[in-house]
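# An overview of the molecular structure
Residue strings, one per chain:
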Amino acid sequence: MLATIAMGVAMLLIVLAVQLQANFQSLLNSPANKDSIANFLVIHQSSDLLQKSSKGLSPETIADLRKQDFTESVGIIESSRFKAGIESPSELFPFYTDIAFEAVADSFLDVRPDQWQWTEESRFIPLIVPNLFLDIYNFQFALSQGLPQLSTSAIQQVPLVVKIETPAGAIKYTGRIVGFSDRIASVLVPQSFMQWANHAFGNGNNNQVSRVVLRTKDPGNPALSNYLKEHGLKTDADKTRFSKYRKIVDIVAGTAGAIGLILLLFALLVFSLFIRITIATAKSDIELLLTLGLSPEALSRFLMRKFFPVQLILMCLIILLLTAGQYSLSQWLASQQINLPAYPAPMTLLCAAAVLLVIFFTNRQSIQNYVHKHVQQ
């Protein structure tokens with residue numbers, strides 16, 4: 001009984017550790033849970049380093065970031081190197097502000113408006129602004145200035161005047177907001193316009209890179225969080241919060257797995273002793289069976305049918321219990337808009353099968369050793 005209980009607990013801990021890791025991987029990497037916003041991190045130097053140096057991100061830093069295992073791709077956020085402002089042409093909507101534009105390759109954008117294009121012949125500049133900016137305007141600026149609050153569809157119909165300061169005087173373009181982003185918190189213009197305007201009007205002495213966009217499969221990877229910390233880089237802490245949980249899950253799963261393995265070894269030892277005692281107490285019956293002509297191999301198979309089915313049934317009960325727990329957990333998380341598989345992961349079932357194989361071969365080896373020992377005696 002002690003061996004059976006110990007083996008049951010060991011098997012439960014081992015498969016539970018594997019399922020825990022599978023659940024965490026599903027929460028991070030499943031298409032149903034994948035957050036296209038969180039998988040793109042805007043990275044910049046920490047404020048402390050900015051006080052010591054104003055060089056921004058060096059080419060060496062960006063090249064090293066591209067080589068890391070957690071990196072899929074890195075996009076340069078190009079900043080405007082000219083003075084610009086945005087104003088409303090209507091007196092009904094008086095508005096003016098100085099502005100700094102940024103641009104990034106289209107593959108790093110989370111919105112792709114149809115009007116997101118620009119050529120040197122065009123007098124129209126499409127703009128993408130953060131959703132946060134619209135919230136600030138509607139719930140802070142508009143209320144304090146007595147201006148109308150605008151919906152996303154309404155503000156996209158408002159024409160804007162984009163004024164660029166040049167040595168020869170101000171140049172005016174027509175602008176309009178064509179999309180809203182949650183990924184990059186700045187006013188974005190097409191990369192083609194940014195490159196042309198910086199070359200035509202910009203200060204060529206200030207071409208440093210201050211921010212980049214990192215695309216990663218796993219924003220919760222502890223290696224990513226550690227790398228940023230070691231190199232004095234910062235990003236939105238909310239997007240890398242899973243790195244803390246990952247460390248906890250790794251510790252819990254690793255501890256449970258280690259305890260399970262120790263208990264499994266202990267259970268196998270106790271079960272081997274139990275088999276030895278059982279065979280010893282039935283020595284006379286075994287000798288009689290061998291005398292009557294039963295081969296050692298047939299006797300070993302008979303004893304295996306006596307011991308192994310108990311362990312097989314025990315593992316089946318553990319899988320059923322785990323399935324019920326997984327299904328209940330998935331239903332509860334679904335009510336929280338979190339998707340988790342309703343059944344144990346294939347890796348968990350493979351682990352359970354591997355544990356059963358280890359137990360089977362260990363039992364068979366123990367039985368064969370003791371049977372042949374009695375035959376020799």
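Our subject in this report is the structure included herewith. None of the values given here were measured: they were computed from a predicted structure. (Residues numbered from 1 in each chain as written. Predicted model: local features only at pLDDT ≥ 70, side-chain atom pairs only at ≥ 80, totals over all residues. Heavy atoms only, no water.)

### Details of the packing of aromatic side chains
Applying the stated criterion across every chain, the model contains nine aromatic pairs. With 5.6 Å between their ring centres and 65° between their planes, Phe70 and Tyr227 make a pair best called edge-to-face. You can see Phe70 sitting in the loop between helix H3 (59–66) and strand E2 (73–79) and its partner Tyr227 sitting in helix H7 (residues 222–230), a full 157 residues away along the chain. The residues Phe70 and Tyr227 share a single accessibility class, namely buried. With 6.3 Å between their ring centres and 35° between their planes, Tyr327 and Tyr343 make a pair best called tilted. Residue Tyr327 is found in helix H10 (residues 296–334), and its partner Tyr343 is found in the loop between H10 and helix H11 (346–376); the two are separated by 16 residues along the sequence. Look at Tyr343 and you get exposed, because its relative accessible area is 54%. Here a set of aromatic residues connected by ring pairs shows up, and it is made of Trp118, Tyr173, Phe193, Trp196 and Phe201. (Phe/Tyr/Trp six-rings, centres within 6.5 Å; stacked < 30°, edge-to-face > 60°. Helix = DSSP H or I, 4+ residues; strand = E, 2+ residues; numbered from the N terminus. Buried < 20%, exposed > 50% of the residue type's maximum accessible area, 1.4 Å probe, protein only.)

### Regarding the pairing of strand E10 (residues 211–215)
For E10, the tally of buried residues reaches four of five residues, placing the bulk of the element in the interior. Judged from the five bridges that link them, strand E1 (residues 40–45) and E10 form a sheet pairing that is antiparallel. Note on E10: the bridge partner recorded for Phe40 is Arg215. As paired elements, E2 and E10 share five bridges and run antiparallel to each other. Counted as the bridge partner of Ser73 is Arg215 from E10. (Pairing = 2+ DSSP bridges.)

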